[in-house]
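Structure assessment
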Amino acid sequence: MGSCCERMGPQKNTYVRVSLPAVCFVWQIAMIILFGVFIRYDEESSATWPEYRDKKNLTDIENDFYFRYPSFQDVHVMIFVGFGFLMTFLKRYCYGGAGFTFLIASFGLQWALLMQGWFHSLDLTTGKISIGVESLINADFCCAGSLIAFGALLGKVSPVQLMVVTLFGVTLFAVEEYIILDLLHCRDAGGSMVIHCFGGYYGLAISWVLYRPNLHQSKRLHGSSYHSDLFAMIGTLFLWMFWPSFNSAITDHGDGQHRAAINTYIALASSVLTSFAISSMAQKKGKLDMVHVQNATLAGAVAMGTAAEFMITPYGSLIVGFCMGIISVFGYLFITPFFEKYLKLQDTCGIHNLHALPGMLGGFIGAVVAAAATEEVYSEQGLINVFDKTGVYADRDQGTQGGFQAAGTCVSIAFGLVGGALVGLILKFPIWGDPADDNCFDDEAYWELPEEDEETIPPVL
Amino acid sequence: MGSCCERMGPQKNTYVRVSLPAVCFVWQIAMIILFGVFIRYDEESSATWPEYRDKKNLTDIENDFYFRYPSFQDVHVMIFVGFGFLMTFLKRYCYGGAGFTFLIASFGLQWALLMQGWFHSLDLTTGKISIGVESLINADFCCAGSLIAFGALLGKVSPVQLMVVTLFGVTLFAVEEYIILDLLHCRDAGGSMVIHCFGGYYGLAISWVLYRPNLHQSKRLHGSSYHSDLFAMIGTLFLWMFWPSFNSAITDHGDGQHRAAINTYIALASSVLTSFAISSMAQKKGKLDMVHVQNATLAGAVAMGTAAEFMITPYGSLIVGFCMGIISVFGYLFITPFFEKYLKLQDTCGIHNLHALPGMLGGFIGAVVAAAATEEVYSEQGLINVFDKTGVYADRDQGTQGGFQAAGTCVSIAFGLVGGALVGLILKFPIWGDPADDNCFDDEAYWELPEEDEETIPPVL
Amino acid sequence: MGSCCERMGPQKNTYVRVSLPAVCFVWQIAMIILFGVFIRYDEESSATWPEYRDKKNLTDIENDFYFRYPSFQDVHVMIFVGFGFLMTFLKRYCYGGAGFTFLIASFGLQWALLMQGWFHSLDLTTGKISIGVESLINADFCCAGSLIAFGALLGKVSPVQLMVVTLFGVTLFAVEEYIILDLLHCRDAGGSMVIHCFGGYYGLAISWVLYRPNLHQSKRLHGSSYHSDLFAMIGTLFLWMFWPSFNSAITDHGDGQHRAAINTYIALASSVLTSFAISSMAQKKGKLDMVHVQNATLAGAVAMGTAAEFMITPYGSLIVGFCMGIISVFGYLFITPFFEKYLKLQDTCGIHNLHALPGMLGGFIGAVVAAAATEEVYSEQGLINVFDKTGVYADRDQGTQGGFQAAGTCVSIAFGLVGGALVGLILKFPIWGDPADDNCFDDEAYWELPEEDEETIPPVL
């Protein structure tokens with residue numbers, strides 16, 4: 001059986017031996033030059049810290065490193081193991097799922113340090129960007145947007161295309177983030193708007209432009225295997241467990257980080273129960289579907305990205321998680337097939353149901369909770385801290401803040417859709433080495449595979 | 001070959017399409033209502049923290065979040081990845097092992113926040129429970145008891161039954177914890193007594209009531225595969241690595257957390273060597289058994305759950321680990337088969353050898369170490385801090401404390417056995433959708449499985 | 001098919017039923033005795049901390065535990081899951097890779113607490129060694145040297161031999177570390193010299209002495225499978241993600257830890273891009289090789305082990321990572337085959353390319369960066385802190401410091417090569433139960449394997 005159905009080998013258009021190294025080298029060298037020109041240590045990571053510390057009357061433990069490093073490492077795990085392994089659920093695209101995540105996040109975080117630095121922490125007198133642990137967290141966040149987009153494209157694009165997706169994804173991210181957080185003065189610590197909503201619609205728009213009418217030719221590989229689903233559970237669980245750190249990583253010291261972690265923890269627990277419930281109800285024998293368990297269980301945290309730092313109350317968090325688990329499973333059951341059939345939109349991982357929709361809803365939830373904030377609940381100082389009511393924003397009332405939060409959500413959707421459509425057009429050029437329709441979802445195209453395994457691959461029918 | 005031995009499909013009694021969603025929805029809605037009535041942020045996670053901080057003359061870094069959050073995240077990983085993946089060792093019950101852990105721990109932690117809140121932190125003037133990061137750790141701990149019980153039942157019960165096990169498990173846990181920690185004023189930071197001893201005997205009692213005389217009909221699935229054992233090693237290692245955080249997560253700030261982590265780290269290292277040694281000695285060709293490597297290596301930490309925060313000394317920790325590795329492997333070799341043959345007690349994961357017995361011994365070790373504590377070793381203030389000798393307990397001498405510790409261990413056993421027997425009886429009603437004897441240890445019953453894998457399942461003989 | 005090619009069973013010389021338990025028991029008992037004589041809690045982990053704290057005018061959060069415990073846990077994960085799973089890439093030696101790592105690191109860390117204690121923290125008045133969280137980190141580091149050596153020997157030695165490798169590896173490590181850090185007063189927080197360079201050459205020298213001319217008889221098992229490569233990616237990613245913690249775990253409080261983490265994070269990102277690039281260029285169809293992705297991506301962090309705490313600048317870190325990714329992949333492509341063919345040196349995991357060479361280069365990079373340090377960049381106090389210019393070293397100029405750093409690198413190479421050769425000779429005695437040439441890379445030799453899998457093992461040809 002092994003001999004009569006020999007693998008056809010990669011299509012000739014998946015040849016990336018020139019383009020992939022070229023992109024990696026040129027962009028990495030550009031990074032080195034730009035880092036050399038722009039990037040420096042900030043006062044807390046420079047050897048001059050002892051002087052700064054004494055001048056500010058701080059102690060070593062008050063270095064921002066100790067406030068944020070544990071959260072940073074959790075976020076880092078979410079990006080590389082969480083996203084990476086979540087994308088190993090396909091039976092024959094595990095290397096691509098984990099490996100390309102590794103590649104594009106490693107590029108993306110460098111580019112993010114620059115882009116976010118230019119927009120947020122460029123010292124105009126020296127022309128330098130100062131980085132510290134919070135910059136690293138933000139860089140990881142910024143990559144998340146592009147990794148979400150990767151979820152819609154999984155198995156259908158080349159690594160060179162993914163590098164392009166990341167280059168533009170990070171660039172667009174930095175701009176929309178600047179508009180939303182700085183110009184509109186929204187709060188969005190866990191990124192419902194700037195990360196999930198943007199990343200989701202960005203990926204969906206790209207995937208829509210790159211529609212493949214004959215993708216069914218790869219149908220034999222468009223599913224999971226028993227063990228690939230278990231590898232994906234590693235990704236799911238690390239995302240699920242560390243999401244409280246994600247939503248609290250860059251919130252205010254003290255109560256801000258504390259409350260965001262609690263709210264996210266609670267919302268996630270609630271999502272799990274409703275995801276399991278709807279998944280079981282949807283199958284005629286009541287059996288659970290791994291796709292729902294792997295994805296919908298996380299939707300509560302996505303929708304808490306904006307509101308987690310607010311006084312949404314523990315039961316408020318439970319309600320958000322409750323609804324999101326339901327909505328997300330419904331998305332997998334009805335919206336994704338609808339998109340594929342009627343909108344010509346192929347969304348491999350169902351990012352619409354895990355990121356785009358819950359992110360958008362999270363933005364609006366944040367708007368409502370912000371609008372409802374009162375001095376009675378937050379205390380005077382608390383309200384100032386949580387909504388950063390300083391400078392010109394000191395007198396903005398909460399209703400207005402809510403309106404701006406809602407506007408921010410719309411900005412992120414617009415950036416995602418328009419940016420994604422444009423990037424999709426760029427990716428249509430026939431120079432990127434993407435696989436043919438009958439060669440999608442197959443690591444064979446870009447990876448040297450162990451020989452002996454070949455006999456266990458289902459033959460091309 | 002694939003066609004002649006078609007899977008028989010799930011037995012009709014494993015139909016949970018009504019009961020599982022019903023339980024999830026009703027209980028989750030109950031959680032929302034109860035959270036709404038009772039649960040609020042504590043002073044360190046509320047937006048009013050700046051006022052509280054200034055009043056108490058603290059700085060942001062002294063928010064309890066920074067003392068405990070890294071440990072919390074480690075504990076969280078132990079619960080979901082540690083316990084979850086440890087239970088994937090069966091060749092065909094990996095989804096159930098990881099997935100049901102995910103479900104019941106997500107429910108359990110919500111119920112635990114309420115139950116523990118009512119018993120430990122209900123403010124009688126306001127009628128509210130205040131939660132912070134320590135509450136989250138305790139909630140995770142509380143789930144651990146039910147997850148241990150799951151270990152004895154793995155593969156033989158339905159997810160609905162597991163939800164019932166968790167509901168009662170968390171309830172009983174909160175009561176016995178209140179008796180042991182508050183009424184008897186025992187110290188048990190890592191939960192040898194309240195978590196492992198209770199959880200172990202709880203699960204064993206349930207399993208004893210649910211004895212299946214014809215379980216051998218599922219024998220073909222009652223074993224591991226090469227890769228399922230490797231997935232289980234992920235669980236083992238994350239439990240092993242993070243156990244120092246487990247035992248130190250809620251100990252005193254400063255030396256308490258520091259010492260508990262060191263003691264547990266040392267005890268675990270010692271357990272590994274003796275587990276490997278006995279495992280090799282027990283096989284006639286000296287080969288190692290993965291079951292021992294996955295489980296007995298952890299026994300040292302279970303037995304240090306009470307004593308880890310005491311001045312047990314580093315070599316004392318080594319001795320505890322040394323003995324527990326031996327005892328635990330002997331348990332797998334002799335006690336588990338004995339239980340199955342003579343006590344009609346089927347213990348899938350051997351929780352007796354990893355949790356019940358080491359937990360009980362850990363309780364008594366803690367009693368001895370507490371009784372032997374002297375002011376010379378601990379210093380006056382140290383003794384007060386470690387044993388919380390305040391209020392009416394200020395004059396309790398160490399011998400008495402040791403006696404109470406031993407009594408606490410007995411309380412946890414009693415709660416486990418009696419509570420487990422009662423819950424077992426409830427689970428015998430024929431309404432819970434549990435699998436038939438020839439359908440145990442099979443994900444087919446409750447999960448939609450990837451199609452192509454079916455041919456690799458060993459046929460029913 | 002399953003019946004005609006029955007496994008031959010383990011060779012008779014892999015019988016370790018006496019030797020493995022004997023070594024484990026005797027050495028573990030020795031540890032208990034030596035811990036009893038020597039090891040005590042330090043002032044920060046003893047119950048007397050409240051007195052010490054008040055005397056020094058500290059607060060609980062300034063206990064070293066809170067500065068270092070999160071990093072410690074990350075390092076702990078790197079040792080047990082990182083190294084352990086990185087070594088599961090062979091299709092049929094996954095148990096050995098993860099399991100023996102577990103065993104030898106658990107022994108090594110105990111022995112390291114003693115050896116490092118005698119050399120670094122023995123109180124000569126009391127004759128005791130005081131341990132705290134920093135000791136645990138150093139003990140884990142010390143194990144890393146022996147685990148690196150294991151990488152060269154993977155699949156070719158018995159667990160008893162690995163215990164011997166660890167016993168001598170830890171001993172040699174403590175001595176060379178004492179010479180390099182104390183006598184030469186080098187700085188090497190992340191261990192480019194003392195860990196990677198030493199460990200790499202130690203393993204290579206052992207492997208060279210143990211050369212097996214007929215190793216090709218195990219060729220059928222000397223490769224990966226699709227899933228074993230994915231398990232190895234778990235190891236890779238946890239090493240990659242947590243390496244910033246590794247390099248910053250024992251650096252100075254405040255800026256030292258902060259800067260080391262940032263530099264390592266940046267260098268690693270850069271290594272990933274060049275590793276992917278060269279890997280793709282090297283294959284005639286441009287396909288990526290998992291071996292390179294699993295290993296070379298980490299080389300940047302190895303080479304930053306010394307310089308990470310210095311003011312190497314962010315772009316300097318990028319350049320180091322850039323070069324190391326290239327060098328490491330070239331190593332896998334050309335140097336490892338060259339070693340095997342011409343030097344009779346079999347290096348299973350290619351530790352030369354990941355540890356020995358990048359470690360050596362990291363030592364020299366550290367020397368150059370140290371020599372180039374100026375008060376202008378570091379500030380006066382900064383220079384004193386970073387290079388510990390106190391006591392007799394207060395006046396050592398930076399050029400001299402650079403020279404000593406380079407000398408330290410040479411010391412580590414010499415210790416590795418000479419020590420490894422001697423240990424190799426010890427391991428040649430025919431008493432250790434190592435496998436025959438046609439039985440290498442096979443878990444069958446030392447592990448009880450699940451039965452049903454046997455039919456999927458490729459037959460002996």
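You'll find the structure just up there.
So, a few notes on the structure that sits alongside this text.

Parameters and conventions
- Residues numbered from 1 in each chain as written.
- Chains lettered and ligands numbered in written order.
- Predicted model: local features only at pLDDT ≥ 70, side-chain atom pairs only at ≥ 80, totals over all residues.
- Heavy atoms only, no water.
- Core = buried A, V, L, I, M, F, W, Y, C linked by side-chain atoms within 4.5 Å.
- Buried < 20%, exposed > 50% of the residue type's maximum accessible area, 1.4 Å probe, protein only.
- Contact = heavy atoms within 4.5 Å.
- Buried area = accessible area lost by both parts, 1.4 Å probe.
- Salt bridge = Lys/Arg side-chain N within 4 Å of Asp/Glu carboxyl O.
- Least-squares fit on C-alpha atoms with pLDDT ≥ 70 in both.
- Helix = DSSP H or I, 4+ residues; strand = E, 2+ residues; numbered from the N terminus.
- Polar contact = N/O pair within 3.5 Å; in protein donor to acceptor, adjacent residues only side chain to side chain.
- Nonpolar A, V, L, I, M, F, W, Y, C, P; charged D, E, K, R; others polar.
- Patch = residues over 30% accessible without salt bridge, like charges linked within 9 Å, V, L, I, M, F, W, Y side chains within 5 Å.
- Areas by Shrake-Rupley, 256 points an atom, 1.4 Å probe, with all protein chains shown as cover.

Let us now look at the nonpolar core. In terms of nonpolar packing, the biggest core is built from 448 residues, with Phe238(A), Trp447(A), Phe238(B), Tyr378(B), Trp447(B), Phe238(C) and Trp447(C) touching the most fellow members. Sequence-distant contacts of Trp447(C), defined by excluding residues within four places in its chain, comprise Phe276(B), Lys287(B), Leu288(B), Met290(B), Val293(B), Tyr95(C), Gly96(C), Gly99(C) and Phe100(C). By size, the runner-up hydrophobic cluster in this structure holds 22 residues, among which are Ala260(C), Ala267(C), Met304(C) and Ala307(C).

A few words now on the interface of chain C and chain A. If you look at the interface, chain C gives 74 residues, while chain A gives 78 residues. When the buried area of chain C at its contact with chain A is split by residue, Tyr226(C), Tyr265(C) and Leu273(C) rank highest and sum to 14% of it. Run the count over chain C and chain A and you get one salt bridge. Where Lys287(C) meets Glu444(A), a salt bridge forms, and the shortest distance between an N and an O atom there is 3.1 Å.

For the rest of this paragraph, the subject is the relation of the copies chain C and chain A. Mapping chain C onto chain A leaves a residual RMSD of 0.0 Å; the transformation is a rotation of 120° accompanied by 0.0 Å of translation along its axis. Overall, the copies show the geometry of a three-fold rotation axis. In terms of proximity to the rotation axis, the leading residue of chain C is Pro70(C), whose C-alpha is 3.6 Å off the axis. A distinct binding surface is used by each copy, with only 11% of the interface residues of chain C retained as interface residues in chain A.

We now examine the pattern of salt bridges. Opposite charge on two side chains permits them to pair, given that their charged atoms come into close proximity. This structure, assessed with the given rule, holds 27 salt bridges over all chains. Across the pair Asp54(A) and Arg53(A) runs a salt bridge whose closest N-O atoms are separated by 3.1 Å. Relative accessible area serves as the criterion here: at 18%, Arg53(A) is assigned to the buried category. A salt bridge links Asp434(C) to Arg212(C); its shortest N-O distance comes to 3.7 Å. In this pair, Asp434(C) is assigned in the segment after α16 (398-427) and Arg212(C) in the loop between α7 (192-209) and α8 (226-248), connecting sequence segments 222 residues apart.

Where interface size is given, it is often the accessible area lost as the parts come together that is meant. With 75 residues of chain B at the interface, the matching set in chain C holds 78 residues. Counting the surface chain B buries against chain C, the share from its top three residues, Tyr226(B), Tyr265(B) and Leu273(B), is 14%. Here chain B and chain C share one salt bridge between them. Our enumeration of links across chain B and chain C arrives at 26 residue pairs in polar contact (both at pLDDT 80 or more). Elements with a contribution of two residues or more to the side of chain B that touches chain C: α3 (64-86), α8 (226-248), α9 (255-282), α10 (290-295), α12 (314-342), α14 (375-378) and α15 (380-386) of chain B. At 20 residues, α9(B) tops the list of elements feeding residues into the side of chain B that touches chain C. Residues of the side of chain B that touches chain C, tallied by class, amount to 42 nonpolar, 22 polar and 11 charged.

A separate point is a nonpolar patch on the surface. Residues and elements named next belong to chain A. Taken together, the side chains of Trp208, Phe338, Tyr342 and Leu343 present a nonpolar region at the surface, about 460 Å² in accessible area. Within the secondary structure layout, tyrosine 342 lies in helix α12 (residues 314-342). A relative accessible area of 55% places tyrosine 342 in the exposed class.

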